[in-house]
Amino acid sequence: MGLKLEREHSIKTKLFFNKQQLHEKIAHLANIHKANKTALRKGVLEHLKELCNETWNFAEQDLLRSGKGHICAQNLSLFQDELIASIYQLTIRHIYPADNPSSGEHLSILATGGYGRGLLAPQSDIDLMFLFPFKQTAWGESVVEYILYLLWDLGFKLGHATRTIDQAIRLSQSDFTIRTALLDARFITGDQTVFDEFYDRYEKEVMKGSENKFIDAKLNERDERHEQAGKSRYRVEPNIKDGKGGLRDLHTLYWIGKYVTESEGAKDFVEAGIFSPSEYRQFVRCENFLWTVRCHLHFMTGRPEEKLTFDLQQDIADRLRYKQHTGLRAVERFMRHYFLVAKKVGTLTRVVCASIELKQHLTQAKRKPFLTLFGIAKENNFEIEGYKLETGRLMVSNRNTFRKNPVELIRLFYIAEQQKLNFHPEVLRLVHASHNLIDETLRNTPEANQFFLELLCSPTNSEKALRSMNEAGVLGRFIPDFGKVVSMMQFNMYHHYTVDEHLIRSVGILNEIEMGQSKDEHPIASKVFNTISNRRALYVAMFLHDIAKGRKEDHSVAGAKSARLLCPRLGLTQTETDLVAWLVENHLVMSMFAQNRDLQDPKTISDFSDIVKTRERLNLLLILTVADIRAVGPGVWNGWKRQLLQSLYFSTKHALSEDETDTSYEDQIEIAKHKLRHQLTEWTEPEFARFTQNHYPEYWLRTDEQDILKHARMVKSSQGSKDILSFDINTKTDADVTEITLYTLNRPKLVVQITAACVLADANIIEAQIYTTRDRYALDTISIRRAFDMEEDEQRRAIRIIKTLKKFTNNQQTLQDTPIKTKQPTGRKTAFSIEPSVNVDNSLSDNFSVIEIRNLDRPGLLFHITQRLNELYLDISSAHISTFGEQAVDTFYVTDMEGNKLQEKSRINDIQKQITEYLHMLLPYK
């Protein structure tokens, strides 16, 4: 095998280096310094360092020119072979010559692991095994040590082992990692007979009869690797080596195929019946692409980087010459190509490994099936016309089934979902060979659309069924708009998955909500699901809500148009179609209102009620919004977002109530005061009158009754106290926030001081409610994102904020003495630059002007914004802070210093201009 690979390499590497000159140069140096081994080593080291640098530089330039990473890896492997061979010859001829070697003084140097397969990434470890026939001698130890130290001094990272043949065989039998590494073992230099003896024994004593155990171990290892690297192959920062759909999955196919067939390489798998010719071509294309990306990553970073992070994706796209096109940036086009390749790798691994399982007769008791899409029904209970079970897997009765009736391409997945079945690998191969049958005729066939709609609306397995359709290449062809977003990524830190994966996951979360799972995560959505009347419309809207991503037109509007065309085809009524289109067009509205508007402002509820209009739409939009946010990625959904959505939901539900008559603001204020008086029975009338008269009307309209009660008791307890700042800390575990309420004499820059104190405590403010009483006291509540699991830790952080504020209050510390710098983005955020956007809107509130600021998020940003608003003589009533990955969206309800909305157009324009210029000055961009 080693000789065969060497011949293939030599054809491709004439320009990399001159093999003859390398050996002649070493011989020349040996002749000059034959009496001085130190000088010889120094001369060889200097020459080889220069040669390595030249070779690596040439390899990178050749990669940039050709774009062929697989050849780059082959060429680097061959260069490494010749380098090691030349060092070995130098060592045994001039450093430790053995004129008459004993039987123990025979050494074979083997490449193992990836290097053993004749492929070497620019910064990968060099995996070597020094193999002796018997116990190592002093001569062998000296030779190995000299070679290793010279390679280390050249800067190589080595993975090495020194073994006798017996040791190598024994370790291979007991350790599957070693067994796999030695499966790829390749002779580099030394004694060929030692290697031949080893590999002959390896095949007879290790491989023979252990095929099932090896396959089992490799597939379990694959599962664990995916668990560590992230289960989905559609994570937008994929690991190209160990992630799902990466190189290691191809390696797994290669190892299993080689172990089972004892073939020399993947090309021989076609003859062995493991790959079809088209699958082999797909294997080669995928491997070439992944190796190209990997080599670029290593060259670009100067380290063995395997994760395609945001800060590297743009540069890789540039190196591969991707260009912006049809609404997608160059980096998004590159990443879409990457995910399409990962998808093809997934298809190969499912089909080929399932086929190998069947060939090796692995039972359910021995191994959980590789294709873990569904459960398995008993063959003797299966009676569906046109289908049969083979070894518990779904198979068509006739290989011409799809060609005779293309509807069966959709019905196949419907049956699998209904019966909870795995697919036979041969039926998946037939599906892939039948893609051309999915045409306009099939798309407009009512029976096919009925099967698809029932599959989509299944409450139990629709996510798995949709994913299997997508992986088989059927879903994107049957629903062409879906095909346009397959493997599409959005270049931001908010979305964790590709668009198609997000849509499929969101349908799965809809299943969870309907089935009553995870009620603690979304109690209201779970409760109202059983009350909705338009279940089919909800499932279709969930599937379509982001289907128009990547177009020039707003994806919500374009998606609604797509829904109006698709829904009648699927068999939905006109009423259902209208509802689906409305849900798709408005799928972001509830989230936007909840996170960026003041939910205590009556205008917010009024505006949202005017949009939803009915209780049914409100219920549907709540469920869809919850599922959409949860499907974005891990950690995006939290208790605070749940609380905001619930607050908006209940306020809107009340506003939409038909039995409620409109109540004037004056009456609402009196009702709030009456409820408070009923709870403060211990208060005297003068005490109660003093508290109520001190608050402006908007306080009573915008504040929750339990908060008013807390404020009242807090204000009373502060009277007569020498402490000029009173506070209350509430760690809201269910909302993932800690709420700090402050009562102190109002003063300029108080809000700025609050944000400064939070920055100094590493606390992120996500909402602030700010009130000023008639007697010029401030009653402010800030909500900071929870950072600790333990209540005590949250309390301590809140106390640190309070202590800092007290220093500001007592003039023991000033903002000038507390320089707070906005940090420049680091790590992944360096990949993004967001142009600051400032918008002033007077239509969103009756009493306040609303300023929305969008900017690249970074620590200290809120402090600087509030500082600038203060300098512009704006009084902040409430602040609502949202982050979407790298983007911060901060909304402020403000008035001028006299309590009036901003009316003059020139004043508004000046505010927008000054804040924008300030953000540009504060936050320089690349």
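Residues numbered from 1 in each chain as written. Predicted model: local features only at pLDDT ≥ 70, side-chain atom pairs only at ≥ 80, totals over all residues. Heavy atoms only, no water.

Asks: Sorry if this is basic, but what is going on with the overall build of the chain here?
Replies: The number of helices and strands found in the chain is 40 helices and 15 strands. Along the first, second and third principal axes, the C-alpha set of the chain runs to 110 × 75 × 50 Å. Counting the 926 residues in the chain, one finds 57% classified as buried. Put simply, of all contacts in the chain between residues at least 6 apart along the chain, 73% involve residues at least 24 apart. Counting only carbon and sulfur atoms, one obtains 48% of the accessible surface of the chain, whose full area is about 40000 Å². Put simply, the chain has 122 plus and 123 minus side-chain charges, and the middle of one group is 3 Å from the middle of the other. (Helix = DSSP H or I, 4+ residues; strand = E, 2+ residues; numbered from the N terminus. Buried < 20%, exposed > 50% of the residue type's maximum accessible area, 1.4 Å probe, protein only. Contact = heavy atoms within 4.5 Å. Areas by Shrake-Rupley, 256 points an atom, 1.4 Å probe, with all protein chains shown as cover. Lys, Arg positive; Asp, Glu negative; His and termini not counted. Charge placed at Lys NZ, Arg CZ, Asp CG, Glu CD.)

Asks: Would you mind showing me how to read unusual backbone geometry here?
Replies: Where the residue is not glycine, phi is negative for most of them; where a peptide bond is considered, it is trans in most cases. At Lys613, a residue that is not glycine, the phi angle is positive and equals roughly 70 degrees. Mapped onto the elements, Lys613 comes out in the loop between helix 30 (602–612) and helix 31 (615–630). You can call Lys613 exposed: its relative accessible area is 56%. Phi is positive for Asp762, close to 55 degrees, though the residue is something other than glycine. You can call Asp762 exposed: its relative accessible area is 63%.

Asks: Sorry, what's going on with the packing of helix 3 (residues 37–66) against helix 13 (residues 277–301) here?
Replies: Describing two packed helices takes the angle between their axes plus the distance from one axis to the other. Running from amino to carboxyl end, helix 3 crosses helix 13 at an angle of 135 degrees, the nearest separation of the two axes being 11 Å. Classed by the angle they form, the pair helix 3 and helix 13 counts as oblique. For the pair helix 3 and helix 13, the sense of crossing is left-handed. Every residue of helix 13 that contacts helix 3 at Trp56, Ala59, Glu60, Leu63 and Leu64 is listed here: Thr292, Cys295, His296 and Phe299. By residue class, the composition of the contact of helix 3 with helix 13 is 6 nonpolar, 2 polar and 1 charged. (Axes fitted to C-alpha atoms, helices over the stretch in contact; angles between N-to-C directions. Parallel < 35°, antiparallel > 145°, perpendicular 65-115°, else oblique. Left-handed = near helix turned anticlockwise from the far one by under 90°. Nonpolar A, V, L, I, M, F, W, Y, C, P; charged D, E, K, R; others polar.)

Asks: Where do I start with the pairing of strand 8 (residues 725–732) in this structure?
Replies: The two faces of a sheet get side chains in turn, since along a regular strand they alternate between them. When strand 8 meets strand 9 (residues 737–745), the two strands line up antiparallel, connected through 8 bridges. Pairing of Ser726 across the sheet is with Tyr743, part of strand 9. In this antiparallel pair of consecutive strands, strand 8 and strand 9, the connection spans 4 residues, and Asp736 shows a positive phi of 60 degrees. (Pairing = 2+ DSSP bridges.)

Asks: Can you help me understand the nonpolar core in this one?
Replies: Across soluble globular proteins, nonpolar side chains have a tendency to be buried as a group. With 109 residues, the main nonpolar core has Phe198 and Tyr202 as its most contacted residues. The dominant element in this core, judged by the number of residues it contributes, is helix 15 (residues 330–360), at 13 residues. The contacts of Tyr202, once residues within four sequence positions are left out, are Ile169, Ser172, Arg179, Leu182, Leu183, Met207 and Tyr259. One finds Ile410, Ala472, Phe482 and Leu579 within the second-largest nonpolar core, a separate group that totals 107 residues. (Core = buried A, V, L, I, M, F, W, Y, C linked by side-chain atoms within 4.5 Å.)

Asks: What should I look at first to understand the sheet that holds strand 6 (residues 393–396) in this one?
Replies: Strand pairing in a sheet takes place through backbone hydrogen bonds and is either antiparallel or parallel in direction. Pairing within the open sheet is mixed, and its 3 strands lie in the order 5-6-7. The open sheet has two free edges, formed respectively by strand 5 (387–390) and strand 7 (422–423), since each of these has just one partner strand. Pairing of strand 6 with strand 7, which is carried by 2 bridges, proceeds in the parallel orientation. Bridging across to strand 7, Leu394 finds its partner in Phe423. Together, strand 5, strand 6 and strand 7 form the strand contacts of helix 17 (residues 408–419), whose direction differs from that of strand 5 by roughly 55 degrees.

Asks: Is there a simple way to think about the sheet that holds strand 9 in this case?
Replies: Across the sheet, which stays open at both edges, the 8 strands sit in the order 8-9-11-10-14-15-13-12 with antiparallel pairing between neighbours. On the outer flanks of this sheet lie strand 8 and strand 12 (837–841), each paired with one strand and no other. Within this sheet the neighbouring strands show an average axis-to-axis angle of 15 degrees, counted without direction. On top of the sheet, helix 36 (residues 705–718) reaches strand 8, strand 9 and strand 11 (777–785); it is set at about 45 degrees to strand 9, its chief contact.

Asks: Whenever I open this one, the pattern of salt bridges confuses me. Can you help?
Replies: Side-chain pairs of opposite charge can arise where the charged atoms are in close proximity. Inspection of every chain in the model, using the stated rule, returns 45 salt bridges. Across the salt bridge formed by Glu205 and Arg201, the nearest N and O atoms sit 2.9 Å from each other. Of this pair, Glu205 and Arg201 both sit in helix 9 (residues 192–207), 4 residues apart, roughly one helical turn. Beyond isolated ion pairs, a larger network of salt bridges with shared partners links Glu279, Arg399, Glu426 and Arg429. (Salt bridge = Lys/Arg side-chain N within 4 Å of Asp/Glu carboxyl O.)

Asks: Even after reading the chapter, I still don't get the side chain of Thr804, so can you show me in this structure?
Replies: Within the fold, Thr804 resides in helix 38 (residues 791–809). A residue is classified by how much of its surface remains accessible, and Thr804, at 15% relative accessible area, is buried. In this view, Thr804 contacts Ala757 and Leu760; residues no more than four positions away in its chain are not counted.

Asks: Can you help me understand helix 7 (residues 165–174) in this one?
Replies: Since the α-helix packs 3.6 residues into each turn, any two residues three or four apart lie on the same face. Within the sequence span of helix 7, burial applies to Ile165, Ala168, Ile169 and Ser172. With its buried residues spanning 95 degrees around the axis, helix 7 presents them on a single face. In this structure, the buried residues of helix 7 make contact with strand 2 (126–132), strand 3 (158–164), helix 8 (176–183) and helix 9. (Arc of directions from axis to C-beta.)

Asks: How should helix 38 be read in this particular structure?
Replies: For helix 38, which comprises 19 residues, the first-to-last C-alpha distance of 27 Å matches the rise-based estimate of 27 Å (1.5 Å per residue) to within 8%. The secondary structure elements touched by the buried residues of helix 38 are strand 8, strand 9, helix 37 (750–760) and strand 11. The first or second residue beyond helix 38 is Asn811, which carries a positive phi of 60 degrees. (Expected span 1.5 Å × (residues − 1).)

Asks: Please explain the packing of aromatic side chains as it appears in this structure.
Replies: To describe a pair of aromatic rings, one takes the distance between the centres and the angle between the planes. Overall, the coordinates contain 30 aromatic pairs when judged by the stated rule. Considering the side-chain rings of Tyr254 and Phe269, the 6.3 Å spacing of their centres and the 45 degrees angle between planes classify their relative orientation as tilted. Remark: Phe269 occurs in helix 12 (residues 268–272) and Tyr254 occurs in helix 11 (residues 247–261); sequence separation between them is 15 residues. The class of Phe269 is buried, set by a relative accessible area of 0%. Above the plane of the ring of Tyr497 lies Arg505, whose end atom (NZ or CZ) is 4.0 Å from the centre. Looking at Arg677, its charged tip hangs above the ring of Phe688, at a distance of 5.0 Å from the centre. (Phe/Tyr/Trp six-rings, centres within 6.5 Å; stacked < 30°, edge-to-face > 60°. Lys NZ or Arg CZ within 6 Å of the ring centre and 35° of its normal.)

Asks: I'm lost on the environment of Thr866 in this one. Help?
Replies: For Thr866, the location among the structural elements is in helix 39 (residues 861–871). Spatially, the C-alpha atoms of Thr866 and Val752 are 5.6 Å apart, while their sequence positions differ by 114 residues. Apart from the residues lying within four places of it in its own chain, the contact partners of Thr866 are Val751, Val752, Thr755, Ile876 and Phe892.

Asks: For this particular structure, what's the right way to read the packing of helix 29 (residues 589–596) against helix 30?
Replies: One can describe the packing of helix 29 onto helix 30 by two numbers: an axis separation of 11 Å at closest approach and a directional angle of 180 degrees. On the basis of their axis angle, the class for helix 29 and helix 30 is roughly antiparallel. Counted together, Val589, Met590 and Phe593 of helix 29 and Thr604, Asp607, Phe608 and Ile611 of helix 30 form the full contact between these two elements. For the contact of helix 29 with helix 30, the class distribution of residues is 5 nonpolar, 1 polar and 1 charged.

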